[in-house]
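Report on the structure
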Amino acid sequence: GAGLRVALTGASGYVGSEIAHQLAEAGHPLLACVRPGGAARVRAQLATVPAELLAVAEVDLTDALALGGALNAFNAGALIHTAAVFRRGLADPGAQMVRPTIAMAEAAVRACAAARVGGRCVALVHTSSMAAVRGPGQAPGPTGAFTSADRNN
């Protein structure tokens, strides 16, 4: 396609899959950067995305060099980072959810700063995670939406 070549983390998630479909509808070639072992899941989640617009790279999302290599190999002009760890029932949420999510965000920033497309850094769009506003089992407020009052500290 002739559109902007976009890499996307978290493409099998709620926000990421919607972004992937929107990008495909607009004709943008898409690289879904997924954790090792995640290719089949993301391909199933994005089954309606035309094959000629979708590439998948299994990469350690906490490894800036590996992620940057995927960005360069795809010639990505932008990375949209939506990946996060969000699981219920973790023994140590800080170690098992928060720190890995922060490590992925840091790697995304470093990868985009180091990757070069046309002599320029790769643009980065970073989204937050449901973990920022929602604890396990926490329902949205009476309006059905989360607000800054719901933010986890």
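The coordinates are above.
The notes below deal with the structure included here.

Moving on, we get to the side chain of T9. Residue position: T9 is located in strand β1 (residues 6–9). Within the local environment of T9, its side chain forms a polar contact with the backbone nitrogen of A83, the two atoms lying 3.2 Å apart. With near-sequence residues (within four places) excluded, T9 lies in contact with C33, L61, L79, I80, H81, T82 and A83.

In this section: the state of the cysteines. One pass over the full model with this rule turns up 0 disulfides. Not part of a disulfide, C112 finds its nearest cysteine sulfur in C121, a span of 8.4 Å. Given a relative accessible area of 41%, C121 falls into the partly exposed group.

If you walk across this open sheet you meet the 5 strands as β3-β2-β1-β4-β7, and the pairing is parallel. The open sheet terminates on both sides in strands that have one partner only, identified here as β3 (54–58) and β7 (123–126). Strand-to-strand twist in this sheet, taken as the mean axis angle between neighbours without regard to direction, amounts to 20°. In this structure, strand β4 (residues 78–81) lies alongside β7, joined through 4 bridges in parallel fashion.

Rules behind the numbers
Residues numbered from 1 in each chain as written. Predicted model: local features only at pLDDT ≥ 70, side-chain atom pairs only at ≥ 80, totals over all residues. Heavy atoms only, no water. Helix = DSSP H or I, 4+ residues; strand = E, 2+ residues; numbered from the N terminus. Polar contact = N/O pair within 3.5 Å; in protein donor to acceptor, adjacent residues only side chain to side chain. Contact = heavy atoms within 4.5 Å. Disulfide = S-S within 2.5 Å. Buried < 20%, exposed > 50% of the residue type's maximum accessible area, 1.4 Å probe, protein only. Pairing = 2+ DSSP bridges. Axes fitted to C-alpha atoms, helices over the stretch in contact; angles between N-to-C directions.

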